[in-house]
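Inside the fold
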Amino acid sequence: MHELTTPKDMHAWSRAERARGRRVGFVPTMGALHEGHLRLVDRAKERTDRVVLSIFVNPLQFGPKEDFTKYPRDLARDRTLASERGVDCLFVPALEAVYPQEPLVRIASGPMADTLEGAARPGHFSGVLTVVAKLFHMVEPDVAVFGRKDFQQAMLVRRMAADLDFGLEVDIAPTVRELDGLALSSRNSYLDADQRRAALALSRALRAVEQAWRSGEADPKTLQRRGMQALMAPGVALMAPGVSPGYLELVDEQLRPVARVDARTVVVIAAQVGATRLIDNVVLGEGVGSDIAVRAS
Ligand code: PAF
């Protein structure tokens, strides 16, 4: 596995591969790799000839009170996991390499970023899209793979790539869950055992909405209520009093609330478990059960 640290080297490597007729796949991450990231690598390997995985904890997407400084970092472990999974090029730029100066020009994330996570985390998606745009220029991939767990992010990146003519495909991969339903996330490492149990309330709420919809309920408000009840079920509150709901919404691919629920409707959820903000979602027609389930590592 090659390891590169400068945008110039990254660019040259990618250009050389493409000059040899190879398609380049790209998986951008902030490190703390888990099976969810590694499945994105598998997917990129299926679709392309060379896979780049980047690790960069992007300060631009963290709010002043968020976890930038304590975000989990373990490059040695990430390097081993990436190499074992067949990543061809690990790109680990330093902060100064990505932002040699304060970026005065940033991506305006638009109205799709004003709701849900964007409403709770002002400026977050502008920070995400700015770094993703920069990484796209550095790597020049043919295909970039994002996880559907971060649904709003994935939709915004896809939209940015189309609106700004990046000339690459944004592929969106299914969520990876532990066998009990918890969606994999680097932030799960912040949870203690009680909080980990309490965090199951998110996937339970998604399943409750899915079940009600499959039994014929089609009113978005009723489905939303059903999900919220499952999120705040007394059993859950007893297990960990620290669960507080953020939102549970039924939206379309543009993140707009739906008036009519159908198989493409996405149920998006966020909750605070202790100090940790967790998000999850399900496409109703696919169901939580169709996501990839893995044993905890
Ligand atoms: O999903 C993430 O890990 C980050 O938001 C990303 C896409 C790597 C941009 O920093």
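Quantities reported herein were computed from a predicted structural model and do not represent experimental measurements.

The rules behind the values
- Residues numbered from 1 in each chain as written.
- Predicted model: local features only at pLDDT ≥ 70, side-chain atom pairs only at ≥ 80, totals over all residues.
- Heavy atoms only, no water.
- Helix = DSSP H or I, 4+ residues; strand = E, 2+ residues; numbered from the N terminus.
- Expected span 1.5 Å × (residues − 1).
- Buried < 20%, exposed > 50% of the residue type's maximum accessible area, 1.4 Å probe, protein only.
- Contact = heavy atoms within 4.5 Å.
- Core = buried A, V, L, I, M, F, W, Y, C linked by side-chain atoms within 4.5 Å.
- Near = heavy atom within 4 Å.
- Polar contact = N/O pair within 3.5 Å; in protein donor to acceptor, adjacent residues only side chain to side chain.
- Areas by Shrake-Rupley, 256 points an atom, 1.4 Å probe, with all protein chains shown as cover.
- Nonpolar A, V, L, I, M, F, W, Y, C, P; charged D, E, K, R; others polar.
- Pairing = 2+ DSSP bridges.
- Axes fitted to C-alpha atoms, helices over the stretch in contact; angles between N-to-C directions.

With that settled, the discussion passes to helix H7 (residues 151-163). With 13 residues, H7 ought to run about 18 Å at 1.5 Å a step, and its terminal C-alpha atoms sit 18 Å apart, in line with that. Every buried residue of H7 is listed here: Phe-151, Gln-152, Gln-153, Ala-154, Met-155, Leu-156, Val-157, Met-160 and Ala-161.

So, on to the side chain of His-34. Position of His-34 among the secondary structure elements: in the loop between strand S2 (24-29) and helix H2 (35-47). In this view, His-34 contacts Leu-184, Ser-185 and Ser-186; residues no more than four positions away in its chain are not counted.

Moving on to the nonpolar core. Counting 47 residues, the largest nonpolar core has Met-10, Val-52, Phe-91, Val-132, Phe-136, Phe-146 and Met-160 as the members making the most contacts within it. Excluding residues within four positions of it along the chain, Met-10 makes contact with Leu-4, Val-52, Cys-89, Phe-91, Met-138 and Val-139. Ranked by size, the runner-up nonpolar core spans 29 residues in total, among them Ala-201, Leu-206, Val-209 and Val-261.

So, on to the site of the ligand. In the region of the ligand, the neighbouring residues are Pro-28, Thr-29, Met-30, Asn-58, Gln-61, Val-131, Val-132, Phe-146 and Gln-153. For the ligand, an oxygen atom lies 2.7 Å from a polar atom in the side chain of Gln-153. Isolated, the ligand exposes 290 Å² of accessible area, and the fraction of that covered by the protein chains is 90%. Split by residue class, the shell around the ligand holds five nonpolar, four polar and no charged.

A few words now on the sheet that holds S2. Read across the sheet, six strands follow the order S1-S4-S3-S2-S5-S6 without closing on themselves; strand pairing throughout is parallel. Of all the strands in the sheet, the pair left with one neighbour each is strand S1 (2-4) and strand S6 (169-173). The average angle at which neighbouring strand axes cross in this sheet is 25°, direction not considered. Bridging between S2 and strand S3 (residues 50-55) involves six bridges; their strand directions are parallel.

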